[in-house]
Amino acid sequence: MTVVLTPYWSDGVQRLKAEPQPPPSPPRGFLPAAYDDAVHATRCLVQLRSKDKPIEQYIYLSQLKHMNEDLFYRLCLANMQEFTPIIYTPTVGDACLQHSHIFGHPEGLYISIKDRGRIGQILKSWPHKDQARISVVTDGSRILGLGDLGVNGMPISIGKLSLYIAGAGIRPTSTIPICLDLGTNNQTFLEDPLYLGLRQKRVSDEAMTEFMEEFMFEMSSTFPKLLVQFEDFSTEHAFYYLDSFRHRYPVFNDDVQGTGAVICLGSAGVGVAMQLLSFFKLQGLSQEEARSRIYLVDSQGLIFDSRGPMAAHKKYFSRSDYSGPPLTNLAEVIKYVKPTALLGLSTIKGAFNQEVIETMAANNARPIIFPLSNPVRLSECEFHEALQWTKGRVLFASGSPFPEATWESKVHYPGQGNNMYIFPGLGLGAILCRASTVTDTMVEASSLGLADSLTNEERNLDLLYPLLDRIREISAFIATRVIRKAQEEGVDRNRDLRALNDSQLLTHVTKKMWNP
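Described below are features of the structure shown in this document. (Residues numbered from 1 in each chain as written. Predicted model: local features only at pLDDT ≥ 70, side-chain atom pairs only at ≥ 80, totals over all residues. Heavy atoms only, no water.)

### Here we look at the overall build of the chain
A tally of regular secondary structure across the chain gives 23 helices and 16 strands. For 516 residues, the compact-globule estimate of 2.2 N^0.38 gives 24 Å, and the chain sits close to it at 23 Å. The principal-axis extents of the C-alpha atoms in the chain amount to approximately 75 × 60 × 55 Å. Expressed as a percentage of its 516 residues, the buried residues of the chain come to 55%. Roughly 23,000 Å² of accessible area belongs to the chain as shown, and the carbon and sulfur atoms make up 52% of that amount. Of the side chains in the chain, 51 bear a positive and 56 a negative charge, and the two mean positions are spaced by 4 Å. (Helix = DSSP H or I, 4+ residues; strand = E, 2+ residues; numbered from the N terminus. Rg over C-alpha atoms; globule rule 2.2 N^0.38 Å. Buried < 20%, exposed > 50% of the residue type's maximum accessible area, 1.4 Å probe, protein only. Areas by Shrake-Rupley, 256 points an atom, 1.4 Å probe, with all protein chains shown as cover. Lys, Arg positive; Asp, Glu negative; His and termini not counted. Charge placed at Lys NZ, Arg CZ, Asp CG, Glu CD.)

Shown next, in the form of structure tokens:
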């Protein structure tokens, strides 16, 4: 057996590491005489497809990944359209809800408030410390549209990193799923005898901030090349901790930075609204012009100044140009605003009802309807409804996948406006250029890169997003855009990439992708 040794630096000392080797074949007699790897891959697909519930398929794939990681990712890459809804949205939502009941083996780190003062010791126990390049960190406080799930939020970190690996070719040993256990206010879980987390209410903001300061300091000290992605923190904490850490550590939060005249329904839409504002400014609008084109609607209706007290994160988009009676009905808001796009992040099933969508269709030749809430059962509307109520004219994308539908004998394909198209390439680009911080313009570059990645065939099919089967190609293209933007902003620490032209850079990025 040939062992390849690669030099690397650790703690100021040059060391050698062995490149990962494929697992050795079992000794003769441990497998049947007719066993064949290719046939076994087919066997695994047959076993997967024999499960009639998505959560059973999720459990099966989790076990397969644990037993044979290379085979799991080979199958995933060959069947992205089939695997993605199982390992990520929408099934990952059910996996989170049931995490304490279906837990079989650890796949990441659980760090609790009880670990204060020794977080560094826990992080140093990670077996692939020197290879760590990206971590997805959640505190479980706002998982998808499901609310506070506490430690049961771990599958969202696992699922996201699985897509980094499959979609962007980041090596599995370079990833660290982390769930922070700061308690939960979910009484059902606190009373569940199988619940895996601390049986206490969430700690105060002051205690959480002290914990987060220690956590981020130790993460940076233990894993100096690590990019951290915050995932599914509560809205207020998501904004606060991104602002607190983004200029000190390589950290980003695509809930705030990357999932997005427009109406955003739901308080979680503030992050999308901020990203839209940045995009509008890129197109030449002033700050005030951009802000004036965005309207927010929450559970009390249109957000405007004279409505009364409101959460701090909503104030920036509160309207100063409206002072009439409260507009609590979404269709009435649309009649008043006459928007071109309607984005839903409310987790309210049916919020985009027939009246709402028909009102949008009356104002626009191609109304933009994006029900982005996850999972499917919390989506503001379904694709076939939007297609029917707009007479086939809708430009549609949802947070979770919907099946294709037919209108007047023509097959229409729904887009999935999920940040799964963005974050693998964004993360890969940030890792390869060793970005010191992930700027908003880097996120914007990834979004524009996605838009530019559509082929002529995909455009002819009226698709808003490229086919998921091309995710590796898309991620490589997005990564090059992200690297170039990081170079423009001077936040790249791998300056060697500056000498490459665009074609050479794309080749370099593609060669860096791990293949199972």
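### Description of the packing of helix α2 (residues 54-67) against helix α3 (residues 69-78)
In helix packing, the relevant descriptors are the interaxial angle and the interaxial distance, both defined with respect to the helix axes. Running from N to C, α2 and α3 point in directions that differ by 130 degrees, and their axes come no closer than 5 Å. Viewed along their axes, α2 and α3 adopt a mutual orientation that is oblique. On the side of α2, the interface is formed by Leu61, Leu64, Lys65 and Met67, while α3 contributes Glu69, Leu71, Phe72, Tyr73 and Leu75. Broken down by class, the residue content of the contact of α2 with α3 amounts to seven nonpolar, no polar and two charged. (Axes fitted to C-alpha atoms, helices over the stretch in contact; angles between N-to-C directions. Parallel < 35°, antiparallel > 145°, perpendicular 65-115°, else oblique. Contact = heavy atoms within 4.5 Å. Nonpolar A, V, L, I, M, F, W, Y, C, P; charged D, E, K, R; others polar.)

### Section: unusual backbone geometry
Cis peptide bonds are those with omega within 30 degrees of zero, and the linkage from Thr89 to Pro90 qualifies with 10 degrees. Inspection of the secondary structure puts Pro90 in the loop between α4 (80-87) and α5 (91-97). Cis geometry marks the peptide bond from Asn374 to Pro375, where omega comes out at -10 degrees. Its location among the elements puts Pro375 in the loop between β12 (368-371) and α18 (383-389).

### Side note on the pattern of salt bridges
Per the stated rule, a full pass over the model turns up 23 salt bridges. For Asp502, the salt bridge goes to Arg484, with nearest N and O atoms at 2.9 Å. Within this pair, whereas Asp502 is found in helix α23 (residues 502-512), its partner Arg484 is found in helix α22 (residues 471-489), the two being separated by 18 residues in sequence. Linked by salt bridges that have partners in common, Asp139, Asp148 and Arg202 make up one network. (Salt bridge = Lys/Arg side-chain N within 4 Å of Asp/Glu carboxyl O.)

### Quick notes on the pairing of strand β6 (residues 227-230)
Burial along β6 is two-sided: the residues Leu227 and Gln229 and Val228 and Phe230 are all buried. The pairing of strand β4 (residues 134-138) with β6 spans four bridges and is classified as parallel. For Ile134, the partnering residue across the bridge sits in β6 and is Leu227. Here β6 pairs with strand β7 (residues 251-252) via two bridges, running parallel. Within β7, the position partnered with Val228 by the bridge is Val251. (Pairing = 2+ DSSP bridges.)

### Some words on the side chain of Asn186
Along the chain, the position of Asn186 falls in the loop between β5 (175-181) and α9 (187-190). A polar contact of 3.0 Å, which involves the side chain of Asn186, links it to the backbone oxygen of Asp148. Non-local contacts of Asn186, meaning those with residues more than four positions away in its chain, are made with Asp148 and Leu149. (Polar contact = N/O pair within 3.5 Å; in protein donor to acceptor, adjacent residues only side chain to side chain.)

### Some thoughts on a nonpolar patch on the surface
A contiguous nonpolar surface patch, about 230 Å² in accessible area, is contributed by Phe279, Leu282 and Leu448. With relative accessibility at 30%, the residue Phe279 sits in the partly exposed group. (Patch = residues over 30% accessible without salt bridge, like charges linked within 9 Å, V, L, I, M, F, W, Y side chains within 5 Å.)

### Here we look at the nonpolar core
Counting residues in each nonpolar core, the largest one holds 127 residues, and the members touching the most others are Ile111, Ile178, Met212, Phe215 and Phe230. For this core, the element with the highest residue contribution is helix α8 (residues 154-168), accounting for nine residues. Phe230 has contacts with Val137, Met212, Met216, Tyr241, Phe245, Val251, Phe252, Asn253 and Asp254, leaving out every residue within four places of it along the chain. Leu342, Ile357, Met360 and Cys381 belong to the second largest nonpolar core, which has 27 residues in total. (Core = buried A, V, L, I, M, F, W, Y, C linked by side-chain atoms within 4.5 Å.)

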